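Next come the chains, spelled out residue by residue.
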Amino acid sequence: FGVMAANYTGYLLPWDQLSYWAITVSTNMLKYVPLIGEMLQRFIRGGEEVDAATLTSFYTFHTAVIPVFLIAVMFFHFWRVRKAGGVVVPDGRSEKEVKRLPVYPHLVAREFVVALVLLAIVLLLAVFFNAPLQEKANPAFSPNPAKAPWYFLGIQELLVHFHPLFAVVIIPWLIVLGLFVLPYLDDSSRQTGVWFFSEQGRALVKFSAILALVTIPVLVVLDEYGWSVAGLLPRWPLAITRGVAPFLIMVVFLWGYIRGLKKKFQASRTELIQAVFVFLLVSLLVLTVVGVWFRGEGMTLVLPF
């Protein structure tokens, strides 16, 4: 959340057409939040529209508030790692057989070197690759299509297919809630230090990724050309055909997918969790790619470039 907040607040600072309308579109999504949507939108913008007050607020958060927050979270992260007993014990040895090393200088020195390398890479990118500005922000001229920042384009793509309440509020926040709960879904059979838990876990992860890569583009194309619940039932309320119905179909599909994996492969709890996680992650990536490269004027499907 801290990194995304830094990206988001920094996105507006160039104050060109791309950044202005991206923030305008993304903050417009907030109005779909029930009860507090418009108030939340005004709070983020600092008023009714994206203007100088928004720019000042974003600059302050980007340069002062968020960096302090990220540093605090970083120290909290290191503390949590130490409280948990450090990293995994390698090679199946017991903790008594593993030689413990002090955090300083061993871990601190390595973290410092990694930080310097990353900083050097960022500086080299800044020196050799331009970040060209578009025309100065013009509230009177809207580009077509007006898109949110790329990391929110998965949600904007959901808006094309789902009712706004489900696309902006219910689906994203259910996923966020799931990410918060994920570390506490403990499994006594968990094998720490093994990639994707087991050979079967790796196979299920690959299958989940391929399934998402095939299923999501097909569903996007079908919806685009009217072969969706809304297209087949045009007289029904959109809250049902683009909200409740497709959401329930998605939930039933995930439930059936979990049941199928458990019955056919006798998948463990950890294998099921990571299979669903990978399916949802790849689905979001596919929606983001569609939003970035395959949406043209009027948010219609086009071939890229």
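Data block above holds the structure.
Keep in mind it's a predicted model, so treat the numbers as computed, not measured.

## Overview of the overall build of the protein
- For the protein, the helix and strand inventory stands at 11 helices and zero strands.
- When its helices and strands are written in sequence order, the protein yields α-α-α-α-α-α-α-α-α-α-α.
- By its C-alpha atoms, the protein is 70 × 50 × 40 Å across when sized along the principal axes.
- A total of 305 residues make up the protein; the buried ones form 30% of that total.
- Taking all contacts inside the protein whose residues are at least 6 apart in sequence as the whole, residues at least 24 apart take part in 70%.
- Summed over all atoms, the accessible surface of the protein reaches about 20,500 Å², with 72% contributed by carbon and sulfur.
- Of the charged side chains in the protein, 24 are positive and 18 negative, and the gap between their average positions amounts to 9 Å.

## Here's the deal with the packing of aromatic side chains
- Going through the model one piece at a time under the given rule, you end up with 15 aromatic pairs.
- On the basis of an interplanar angle of 85° and a centroid distance of 5.6 Å, the ring pair of W15 and Y20 is categorised as edge-to-face.
- Taking the relative accessible area as the measure of exposure, Y20 reaches 4% and is therefore buried.
- Each ring, one from W195 and one from F196, has its centre 6.2 Å from the other, and the planes form 50°; the classification is tilted.
- Judged by relative accessible area, which is 35%, F196 ranks as partly exposed.
- Here the aromatic cluster, defined as three or more aromatic residues joined through ring pairs, consists of Y8, Y11, F58, W150, Y151 and F152.
- Directly above the aromatic system of F265 lies the positively charged group of K264, at a separation of 5.8 Å from the ring centroid.

## Considering the pattern of salt bridges
- Counted according to the given criterion, the structure contains four salt bridges.
- In this structure, R295 engages E157 in a salt bridge whose closest nitrogen and oxygen atoms are separated by 2.7 Å. Highlighted residues: R295 in the segment after α11 (269-293) and E157 in helix α6 (residues 153-161), separated in sequence by 138 residues. Summarising the burial analysis for this pair, R295 and E157 share the class buried.
- The shortest N-O distance in the salt bridge between E199 and R202 comes to 2.6 Å. Taken together, the residues E199 and R202, both in helix α8 (residues 199-224) and three residues apart, mark about one turn of the helix.
- Under the relative-accessibility criterion, E199 is labelled exposed at 60%.
- Because the salt bridges share partners, they merge into one network encompassing E157, E224 and R295.

## Quick notes on the packing of α8 against helix α10 (residues 238-265)
- Closest axis-to-axis distance for the α8/α10 pair is 13 Å, and the angle between their directions is 155°. As judged from the angle between their axes, α8 and α10 are roughly antiparallel. Taken as a pair, α8 and α10 cross one another with a handedness that is right-handed. Contact residues: α8 offers Q200, L204, F207, S208, L211 and D223, while α10 offers R242, F253, Y257, L261 and F265.
- When its residues are assigned to classes, the contact of α8 with α10 shows seven nonpolar, two polar and two charged.

What counts, and where the lines are drawn
- Residues numbered from 1 in each chain as written.
- Predicted model: local features only at pLDDT ≥ 70, side-chain atom pairs only at ≥ 80, totals over all residues.
- Heavy atoms only, no water.
- Helix = DSSP H or I, 4+ residues; strand = E, 2+ residues; numbered from the N terminus.
- Buried < 20%, exposed > 50% of the residue type's maximum accessible area, 1.4 Å probe, protein only.
- Contact = heavy atoms within 4.5 Å.
- Areas by Shrake-Rupley, 256 points an atom, 1.4 Å probe, with all protein chains shown as cover.
- Lys, Arg positive; Asp, Glu negative; His and termini not counted.
- Charge placed at Lys NZ, Arg CZ, Asp CG, Glu CD.
- Phe/Tyr/Trp six-rings, centres within 6.5 Å; stacked < 30°, edge-to-face > 60°.
- Lys NZ or Arg CZ within 6 Å of the ring centre and 35° of its normal.
- Salt bridge = Lys/Arg side-chain N within 4 Å of Asp/Glu carboxyl O.
- Axes fitted to C-alpha atoms, helices over the stretch in contact; angles between N-to-C directions.
- Parallel < 35°, antiparallel > 145°, perpendicular 65-115°, else oblique.
- Left-handed = near helix turned anticlockwise from the far one by under 90°.
- Nonpolar A, V, L, I, M, F, W, Y, C, P; charged D, E, K, R; others polar.

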